[in-house]
Amino acid sequence: MDKNTQKSQSPQKIHPYWGFFSTILLVLFLNSLIFPGVFTPSIVKTDYGTFIAKVDSGLVSKVTLENGQIYYTTAKPDEKGKNIVYQTGEMGDASLTAKLLSAQSPNKSGKIQLNRIVPEKNSPIIDFFLMWIVPGLIFYFIWISLQKRMSKMGGNFLSLGNSGAKIYAESEVKTTFADVAGQNEAKETLQEIVDFLHNPSKYTQMGATLPKGALLVGPPGTGKTLIARAVAGEAKVPFFSISGSEFVQMFVGMGAAKVRDLFKQATAKAPCIIFIDEIDAIGKSRDNAMGGNDEREQTLNQLLTEMDGFDGKKGVVILAATNRPESLDKALLRPGRFDRRIPMGLPDLEDRKAILNVHLKKIKHGDIDLDIVARATAGSSGADLANIVNEAALRAVRLSESQVSTSDLEESVEVVMAGAQKKGAVISKEEKKIIAYHEIGHAMVAARQNNSAPVHKITIIPRTSGALGYTMQIDTGEQYLMNKQELLNKIATLTGGRAAEELICHTVTTGASNDIEQATKLARAMVTRYGMSDKYDMMELETINNAYLGGDASLTCSAATASDIDQEVLRIIRAAHEKARNIINNNLDEMHKAAQFLLNKETISGEEFMNIIGTKKEA
Ligand code: ADP
Ligand code: MG
Ligand code: ZN
């Protein structure tokens, strides 16, 4: 992938004052080195009178004149036996030289040793160079490297107002619509944008303005990021991709600067695509009563301004993706901004087959029964399916197979859903028996009911997810709706495991905890959201918060109703449990046969199971 690095032109100029200050500092320092005396120790300062007196009494042996100072030594060492250098200032005394020349001295010659040091002067050019240019350069380089380091750390000083952000524009995106399986409605809408980027004049002649922005919404892993890249690949235009969280910076105002930068660069490269992934990081609604976030709000405001500001006819198209559309600020969604909303849903049966095909093309595989795999993966996203195909390839390598087979894929579906097989786990005979009856209990209740998905597989091989066994049911076709009876049957099936434990093993175990969780969720949803209780008719009692992310719900009813809902839910679960117990009681022989078979083989297929228990229906 060839990435075209674009660095925004942040001026790396230093402030003129800094060069000046740095030079002054260095000159002071250098000068202190050049002036003599400062660092020469054991100099004793005396006054001029003392000096003359010593000369007159013939004690001085050596005199040096330098820079208006007189340094002299006497013959007599001090108490410590050292020759001390004395210093005094010159007084401009014209007769001093004559006096020194004629004075007595303890020297052998009887004369004072006299000399004058004339400081050597550099040429003025070298002086200027040493004192001004060199220090200036040194400080300049220190400054530059400091600034580089700071901007690497994310901060940026002296050049505020410019984010200094690295924004990548991929000039050649290889992804195309062929890489995105399914999602035909999304592709259709986006095809228009591709067309516009190819040939903007066609639209401008008509006087039409294309939407400036399109918002891709859907659960994680449905291919939002992928399809945005594909638009750029199809249109063959540069692709600016940035994640919403990248705008939220440490300093207030930096995110806004980054948005400005981004749009400036994109306008220069038009036609092109700007893609803001996970836009909810900056686009969250601003009217949250609890403490706003200044930086995020400024960034959002800047984004709104930029989107209004640029000329839609130039060919800059903004795509954004989110899995929390309900949290977005309304201002982002008004016409002229992200007015197109493109839903990216979870793939249905046909789309799952198509996605599996796209990813199977990348690996070596034999004949694959796509239908089985696609049916076993209801509710999976494109990303899950890509993962499943890859797991299958890994498994084929592990088993040293020459190519990926259907059974590799089936096993990897289970690995992705329930974790890998935990072969080393030691489970006692007694526990193994309970697990077997528990699973057969689920399967039996499922098989004896009319509106229930067929059993596909039962296994008591423990999984790393903590599941000690499980029963897989796979629908024959794709189901978009579930009716009340099917939901009740499903709850009964979930209680079947516990019912078998009670009736056959005369015990209850923790193994039913997941069943309990699921059954309760279903029963509660029936009452609060699907209007399937007689008591509350079609009243909404719960509202979903994040439809695409787990879908946690919060109650919208009074506390009194809430406790009443609990009673309704309990009633549904009780009835289902009772029904499951009846089914198992009526099929005890088959229960024992099937459980024995399962204990021997650890895994049995739906077909084998149905052969053992027969096809009679009870409800
Ligand atoms: P999102 O942005 O919606 O969370 P991505 O676009 O990042 O999901 O998808 C993650 C991966 O899942 C992709 O790289 C691709 O391999 C796979 N994938 C998802 N949807 C599809 C699809 N419709 N067709 C093919 N592959 C898909
Ligand atoms: Mg994404
Ligand atoms: Zn169970």
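Right above here is the structure, for reference.
The rules behind each value
- Residues numbered from 1 in each chain as written.
- Chains lettered and ligands numbered in written order.
- Predicted model: local features only at pLDDT ≥ 70, side-chain atom pairs only at ≥ 80, totals over all residues.
- Heavy atoms only, no water.
- Near = heavy atom within 4 Å.
- Areas by Shrake-Rupley, 256 points an atom, 1.4 Å probe, with all protein chains shown as cover.
- Helix = DSSP H or I, 4+ residues; strand = E, 2+ residues; numbered from the N terminus.
- Nonpolar A, V, L, I, M, F, W, Y, C, P; charged D, E, K, R; others polar.
- Domains from an automatic or database assignment.
- Donors = N, O, S within 2.8 Å, 3.2 Å for Na, K, Ca; no water.
- Tetrahedral: all angles 85-135°; square planar, octahedral: opposite > 155°, others 65-115°.
- Buried < 20%, exposed > 50% of the residue type's maximum accessible area, 1.4 Å probe, protein only.
- Phe/Tyr/Trp six-rings, centres within 6.5 Å; stacked < 30°, edge-to-face > 60°.
- Polar contact = N/O pair within 3.5 Å; in protein donor to acceptor, adjacent residues only side chain to side chain.
- Patch = residues over 30% accessible without salt bridge, like charges linked within 9 Å, V, L, I, M, F, W, Y side chains within 5 Å.
- Salt bridge = Lys/Arg side-chain N within 4 Å of Asp/Glu carboxyl O.
- Pairing = 2+ DSSP bridges.
- Axes fitted to C-alpha atoms, helices over the stretch in contact; angles between N-to-C directions.
- Core = buried A, V, L, I, M, F, W, Y, C linked by side-chain atoms within 4.5 Å.
- Contact = heavy atoms within 4.5 Å.
- Parallel < 35°, antiparallel > 145°, perpendicular 65-115°, else oblique.
- Left-handed = near helix turned anticlockwise from the far one by under 90°.

A. Geometry of the site of ligand 1. Taken together, 15 residues sit near ligand 1, with Ala181, Gly221, Lys224, Thr225 and His359 positioned nearest. Its free accessible area being 560 Å², ligand 1 has 80% of it covered by the protein chains. Those elements that place two or more of their residues in the shell around ligand 1 are α7 (224-235), α11 (349-360) and α13 (382-398). Of the residues that constitute the shell around ligand 1, the class distribution is seven nonpolar, six polar and two charged. Both domain 2 (166-343) and domain 3 (349-417) contribute no fewer than three residues apiece to the shell around ligand 1.

B. Seen up close, the coordination of the zinc ion (ligand 3). Binding of the zinc ion (ligand 3) to the protein goes through His438 (NE2), His442 (NE2), Asp515 (OD) and Asp515 (OD), at separations of 2.0 to 2.8 Å. Metal-centred angles of 52 to 146 degrees between the four donor atoms at the zinc ion (ligand 3) mark the site as irregular. Coordination of the zinc ion (ligand 3) draws on donor residues from a single chain, spaced H-x3-H-x72-D in sequence. Taken together, the positions of His442 in helix α15 (residues 429-448) and Asp515 in helix α17 (residues 513-528) put the pair 73 residues apart, joining distant regions of the chain. Across the pair, exposure class does not vary: His442 and Asp515 are buried alike.

C. Structural detail: the packing of aromatic side chains. Taken as a whole and judged by the stated rule, the model has six aromatic pairs. Summarising the aromatic geometry, the rings of Phe51 and Tyr72 are spaced 4.7 Å apart at their centres and angled 45 degrees between planes, so their arrangement reads as tilted. Taken as a pair, Phe51 in helix α2 (residues 48-56) and Tyr72 in strand β4 (residues 69-74) lie far apart in primary sequence, 21 residues in all. We classify Phe51 as buried; its relative accessible area is 0%. Given a relative accessible area of 0%, Tyr72 falls into the buried group. Ring centres of Phe196 and Tyr203 lie 5.6 Å apart, and the angle between their planes is 85 degrees; on these two criteria the pair is classed as edge-to-face. Through successive ring pairs, a cluster of aromatic residues spans Tyr48, Phe51, Tyr72 and Tyr86.

D. Quick peek at the side chain of Gln449. Its place among the elements puts Gln449 in the loop between α15 and β13 (455-459). A polar side-chain atom of Gln449 sits 3.2 Å from the main-chain carbonyl oxygen of Asn489. Of note is the side chain of Gln449, whose polar atom sits 2.8 Å from the side chain of Lys579.

E. Structural view of a nonpolar patch on the surface. Taken together, the side chains of Phe128, Phe129, Trp132, Ile133, Leu137, Tyr140 and Phe141 make up a nonpolar region of the molecular surface, amounting to roughly 720 Å² of accessible area. Note that Trp132 resides in helix α4 (residues 124-152). Note on Trp132: relative accessible area 41%, which makes it partly exposed.

F. A look at the pattern of salt bridges. Within this structure, the stated rule accounts for 24 salt bridges. Arg571 is paired through a salt bridge with Glu568; the nearest N and O atoms lie 3.4 Å apart. Taken together, the residues span about one helical turn, with Arg571 and Glu568 both in helix α18 (residues 559-586) at a distance of three residues. Relative accessible area serves as the criterion here: at 10%, Glu568 is assigned to the buried category. Residues participating in the shared-partner salt-bridge network are Glu350, Lys353, Asp371 and Arg375.

G. Quick peek at the sheet that holds strand β6 (residues 113-117). An order of β2-β5-β4-β3-β6 is seen for the five strands of this open sheet, with the pairing classed as mixed. Each edge of the open sheet carries a strand with a single partner, namely β2 (43-45) and β6. Going from strand to strand, the sheet's axes swing by 25 degrees on average, the running direction of each strand aside. One ladder, built from five bridges, connects strand β3 (residues 60-66) with β6; its direction is parallel. When the sheet's bridge partners are listed, Lys62 is paired in β6 with Gln113.

H. Fine view of the nonpolar core. Membership of the largest hydrophobic core comes to 47 residues, with the highest contact counts inside it found for Ile440, Ile458, Ile491, Met591 and Phe609. Elements that contribute at least two residues to this core include exactly α15, β13, α16 (484-505), α17, α18, α19 (588-601) and α20 (606-613). It is α15 that provides the largest number of residues to this core, a total of ten residues. Residues contacting Phe609, with those up to four places away along its chain left out, are Ile440, Ala443, Met444, Ala447, Val455, Ile458, Ala594 and Ile604. With 28 residues, the next largest nonpolar core counts Leu190, Val231, Ala321 and Met344 among its residues.

I. Highlighting the sheet that holds strand β14 (residues 470-473). Read across the open sheet, the three strands follow the order β14-β13-β17; overall the sheet is antiparallel. On the outer flanks of this sheet lie β14 and β17 (603-605), each paired with one strand and no other. Direction aside, the axes of adjacent strands within the sheet are offset by 10 degrees on average. Examined bridge by bridge, β13 and β17 share three bridges and lie antiparallel to one another. The residue bridging Lys457 from the neighbouring strand is Ser605, located in β17. Running at roughly 125 degrees to β17, α19 makes contact with β13 and β17 of the sheet.

J. Here's a closer look at the pairing of strand β10 (residues 272-277). Counting buried positions along β10 yields six of six residues, so the element is predominantly enclosed. Of the two faces of β10, the one carrying Cys272, Ile274 and Ile276 and the one carrying Ile273, Phe275 and Asp277 are both buried. Both strand β9 (residues 239-243) and β10 contribute to a ladder of five bridges, which runs parallel. Within β10, the residue paired with Ile242 across the bridge is Ile276. Taken together, the five bridges between β10 and strand β11 (residues 316-322) define a ladder with parallel strand orientation. Pairing of Ile276 across the sheet is with Ala320, part of β11.

K. Representation of the packing of α15 against α19. Relative to each other, α15 and α19 sit at 125 degrees, their axes nearing to 9 Å. Considered as vectors, α15 and α19 are oriented oblique to each other. Seen from above, α15 lies across α19 with right-handed handedness. Contacts between α15 and α19 involve Lys432, Lys433, Ala436, Tyr437, Glu439, Ile440, Gly441, Met444 and Arg448 on the former and, on the latter, Glu590, Met591, His592, Ala594, Ala595, Leu598 and Leu599. Classifying every residue of the contact of α15 with α19 by side-chain character gives nine nonpolar, two polar and five charged.

On their own, these measurements won't tell you what the molecule is for.
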